[in-house]
Every structure is written in structure tokens, then in C-alpha cells.
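Below, each chain spelled out in residue letters.
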Amino acid sequence: MIERLKNLEFYIPLFIGAYLIAAFRFKVFVLPFSFGEIEFLNQYINITADGKAELFQGNIPNIPVLIYYLIINIFGTNITIIRSVSALFAVINIFVIWKFGNFFFGKQAGIFAATITIVQNVYLAQFATVLPDTINSTLIIAAFYCFLREKYRTMAIWLVLAVNINISSILTVLFLLVAFLAKLNTQNKSQSIVFFVIPIMVYATAEAVNFTVFNELGVLKNFSLANFINEFYNKTEFVFILQQRICLVAIFAIALTAAALQRQIEKYEVKTYVYVGVLMILLTAAHSLVQTELRQLVTAVTLLAIITGAAVSEIKIFYSYKYIIISILIIFFAVFAARSRNTSSEYIAYTNQTETDMSAAKYASENIPSDDTVMCSQIFYKILSNKHLGYISTPLTNIDTVYSTTKYSYIIKGQDSGNKLINAVLLEDNCLLEKAFTKKDAETEVYSIEK
């Protein structure tokens, strides 16, 4: 019993990480769906006036969509329940990361990798959201883990579940297939190859159905070589430099060099480092080809956390010094996450925008007469017309997204600038700012126009 208690000290970084998740993300369980979540749900699911979910809005649904579809139809649109389900998958993701590091590099590596992942701003931002990126990361890391252990049957299951979420999934399948074919002395290679072919066929079928039914591709919808260099630069910067990850890269390089000089790295570990490094770069390049949002690079960020944790664990110094290094890293990243004001979905500060949107929706519900018109963007149209998104208790009926002929038109403008008509109207001389709701860098404004 005493020996078990002594081992608890190894897990102190994970305990601190769990506390930071609670401290940073507790309020998200009662906040409405964010701008990005509404866009995602609108792409696949229509939440009806009675709170039911309808599928097949514009794409073949993927696994995250099916999960939320079932949750909404079983438990309703209770925000806390939906967030709790999302949080569960984020916790599973941490367990998979710990398992990966623990098996290939040792217990310390698993703990370090999981903790470093937890304090990444992009992971904290995606914790407990309905966006599919954390689930996708879990499936890919699990499949990669099974591949390296040559458990191809189980690998195929994770890949089948992941292939039509975003481009990182199908890229991972192709990467693992090439790596498998390049392996020497693999038993039953001809039989095992079917476990790589099945996910590819599932992906191809889903894309064929998307193109036939919706007249556009799903995963490869925005595929383009036109702006690849700029996109690759931006994606690479996010994975390796932004959100203070330049520090992770520096620590990884120093720790790996020190471990190599001390001859602490085994041959099979070198191969794992190479696999992870190549996959990170390929994922970054793949997302550059389809110009995805930065949050979808969470898998590449997770891989960086895994190899950084592994490299630190392999330095030949007292283990207590390693834990001091990791603890300093935890504090460093936590402070950065707390002070960040970026309201995009890759940063935890995005909730500031959700709160200002919520205040504007409440103002519109309570102060704008029913015979006036609320003119707003498509996203705010959803917010004001559907109470199940969490912003209002009673849907507004006096909403339009075109210019109104009534005496007053009220414009609600958050950071969504997708409606060009609204932006043009805002430039008119008779536009009056009624109310502005701000929190740090987030702002949502309500205007009125007298005609």
C-alpha cells in the first residue's frame, strides 16, 4: 500500500492538468453553442423547433455527428449533457495519449505527453465542445498506436470510424499503408493489407455519396494547390510556433540531443520518433491543401506533445528534475492560455465571444418590439430563431437577413462578417449604435437604422 502511495508522485503533473481543465473550462458546461459549433451543426444537423435532430443537411454524417444526433434525440438539447459527452471523449483522448507514450517510451513519457497535451491552448479550447476535432484526434492516435503494435484489425476499426471526419484521417490511412508496405519481414502481409483497404473503401464510398447526393465532396471539398505555400507556412507556424509551442520544439530538440549523447534512446524508439515526425509534417501539409481551420491541427499538436514528453523522459537525470521541468511547462502554458485574448476557436478566449453574443441576443429579445425587424447574419439568424442553441428562451419571429421596409431595422453584428449586405448597411449615415457588448477582444454590437 505504501509503495502504491509513493507512485502517486509520478502522477502529480496529471493531477495538476486535471485541475487546470476544471479551472479553465468549468463555465463552458452552461454556455450556449459557440459560433463554430453552430456552423458545424448546421452543416450536418438541423435542430427543429421541438428540440429534435434531423440528419443529412449537406453532407454524409461522420461519427461525431452521429454521436450528437443520438444524444440530442435521447436526452434533448440540454447543453450540460451534450458538453459532458464531449468532455468524456476529450478525457478518453488523454488516456490514449498516455497509453501511447507509456507503451513506447515508458511511464514518465506517458504522463508527460498527456500533461503537455492538456495545457495546450487548442486542446483546452476544444475540450467539451461539439466540434469533431478531439474525437478525430483520439481515433487517429489510437489507430497509429495499434499500427505500431501491429494490431492491424483493431487499427482498421479506428480508421473506419475516422475516415470521413476530415483530411487528417484519410491521410493517416495512406501514410500507414505506405509504412506497412515498406516494412520488411512482416508476417501475413498479403492478408493484413485488407485492413488498410477497408478504411479507404469506406472513405471513397462516403465521398461518392456526398458528390452524388449533395453535388460536392466532403473531406476534399476545398482541395486546392493554388495557395498551398502560404497555407503550409501558416499551418506549420501554428503547430510548431504559435501558442508558445516554439518552447516545446526547443525542449524537444535539447532533450532528444541530450538523451542521444547519453545513449538513452533505443533503436525501436528512434523509429517511433521518425514515424511521429513524418506524420506530423504530412498532416500539416494535408490540411494546407484543403485550407482547414487551425483547430483541426489538434492531432499534429498532440503528436508534438507525445514526442516532447518522450524526449524529456529519456534524459538521464533524477526523475524529480524532470518533473520540475514539466511543472514549469504546465505553469507557462497555463498562464499563456489564461492571458490569451484571441477569440478564434483555437483559443479558450473564444468563450468571451459566446458571452457577448449571448448578451446581444438577450438584449434583442427584451428590447426590440415585435413590429420592428431584426436584421442579422445567418449565424445570428440561427441564434435568435432557435432557443435550443442556448441563447434565448423564446424565438424571435421578426428576423430577416435582408433590408427591411419597417421604420426601424436592428442589426446584430458579432465577429461573423459573412453577410456583406449588413456590412454595407453599417456604413450608412443613419446607422445608430444602440448597444455594444464587449469582453476583452470579443465584441457584439446592436445597431438601429431609421428609414
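Residues numbered from 1 in each chain as written. Predicted model: local features only at pLDDT ≥ 70, side-chain atom pairs only at ≥ 80, totals over all residues. Heavy atoms only, no water.

1. Focus on the packing of aromatic side chains
Scanning all chains against the criterion turns up 25 aromatic pairs. Ring centres of F105 and Y273 lie 5.0 Å apart, and the angle between their planes is 40°; this geometry places the pair in the tilted category. In this pair, F105 sits in helix α5 (residues 79-105) while Y273 sits in helix α15 (residues 267-289), placing the two residues 168 residues apart along the sequence. You can call F105 buried: its relative accessible area is 10%. We classify Y273 as buried; its relative accessible area is 10%. Among the aromatic side chains, those forming a connected cluster through ring pairs are F100, F103, F104, F144, Y145, F147, Y152, F175, F180, F196 and Y275. The aromatic ring of F238 is capped on one face by R245, whose charged end is 4.7 Å from the ring centroid. (Phe/Tyr/Trp six-rings, centres within 6.5 Å; stacked < 30°, edge-to-face > 60°. Helix = DSSP H or I, 4+ residues; strand = E, 2+ residues; numbered from the N terminus. Buried < 20%, exposed > 50% of the residue type's maximum accessible area, 1.4 Å probe, protein only. Lys NZ or Arg CZ within 6 Å of the ring centre and 35° of its normal.)

2. Focus on the nonpolar core
F100, F144, F147, M155 and L303 are the most contacted members of the largest nonpolar core, which totals 91 residues. Among the elements that make up this core, the one with the highest residue count is helix α16 (residues 298-313) (11 residues). Other than its neighbours up to four places away in sequence, L303 contacts I141, F144, V276, L279, M280 and L283. (Core = buried A, V, L, I, M, F, W, Y, C linked by side-chain atoms within 4.5 Å. Contact = heavy atoms within 4.5 Å.)

3. What to know about the sheet that holds strand β5 (residues 408-413)
In any sheet, the strands associate via hydrogen bonds between backbone groups, in a parallel or an antiparallel arrangement. The strand order across the open sheet formed by 5 strands is β4-β3-β5-β7-β6, and the pairing between neighbours is mixed. Looking along the sheet, the strands with just one partner apiece sit at the ends: β4 (399-400) and β6 (431-439). Of the strand pairs in this sheet, strand β3 (residues 373-376) and β5 are connected by 4 bridges, and their pairing is parallel. The residue of β5 that forms the bridge with C376 is I412. Strands in contact with helix α18 (residues 350-367) are β5, β6 and β7 (442-450); relative to β7, the strand with the most contacts, it is inclined by about 30°. On the sheet, helix α19 (residues 378-385) packs against β3, β4, β5 and β7 and is oriented at approximately 135° with respect to β3. (Pairing = 2+ DSSP bridges. Axes fitted to C-alpha atoms, helices over the stretch in contact; angles between N-to-C directions.)

4. A closer look at empty space enclosed by the protein
Taken as a whole, this structure holds 3 cavities of 30 Å³ or more when the rule is applied. Approximately 90 Å³ is the volume found for the largest cavity. Lining of the largest cavity is provided by I38, L41, N42, I45, N46, I47, K382, N386 and L389. Of the residues forming the lining of the largest cavity, the biggest block, 3 residues, is contributed by helix α3 (residues 35-44). For the lining of the largest cavity, the class distribution of residues is 5 nonpolar, 3 polar and 1 charged. (1 Å grid on protein atoms, 1.4 Å probe; cavity = no way out; pocket = protein on both sides within 12 Å on 5 of 7 lines; lining within 4 Å. Points joined across faces, edges and corners; volume = space filled by probe spheres on them. Nonpolar A, V, L, I, M, F, W, Y, C, P; charged D, E, K, R; others polar.)

5. Re a nonpolar patch on the surface
Together, I317, F318, Y321, I324, I325 and I328 make up an exposed nonpolar region whose accessible area comes to about 590 Å². On the secondary structure map, F318 appears in the loop between α16 and α17 (319-339). (Patch = residues over 30% accessible without salt bridge, like charges linked within 9 Å, V, L, I, M, F, W, Y side chains within 5 Å. Areas by Shrake-Rupley, 256 points an atom, 1.4 Å probe, with all protein chains shown as cover. Salt bridge = Lys/Arg side-chain N within 4 Å of Asp/Glu carboxyl O.)

6. What about helix α13 (residues 228-240)?
Over its 13 residues, α13 runs 18 Å from end to end, which matches the ideal 18 Å to within 8%, given 1.5 Å per residue. Of all the residues in α13, the buried ones are E231, K235, F238 and V239. End-on view of α13: buried residues confined to an arc of 95°, all on one side of the axis. Turned more than 90 degrees off the buried face of α13, the exposed positions are I229 and Y233. Of the surrounding secondary structure, the elements contacted by the buried residues of α13 are α7 (121-126), α14 (245-261), α15 and α16. (Expected span 1.5 Å × (residues − 1). Arc of directions from axis to C-beta.)

7. Digging into the packing of α14 against α16
It is the contact of α14 with α16, at a shortest axis distance of 8 Å, that shows an interaxial angle of 35°. Crossing of α14 over α16 shows left-handed handedness. Where α14 abuts α16, its residues R245, L248, V249, I251, F252, A255 and L256 lie against V301, L304, I307, T308, A311 and V312. Of the residues that constitute the contact of α14 with α16, the class distribution is 11 nonpolar, 1 polar and 1 charged. (Left-handed = near helix turned anticlockwise from the far one by under 90°.)

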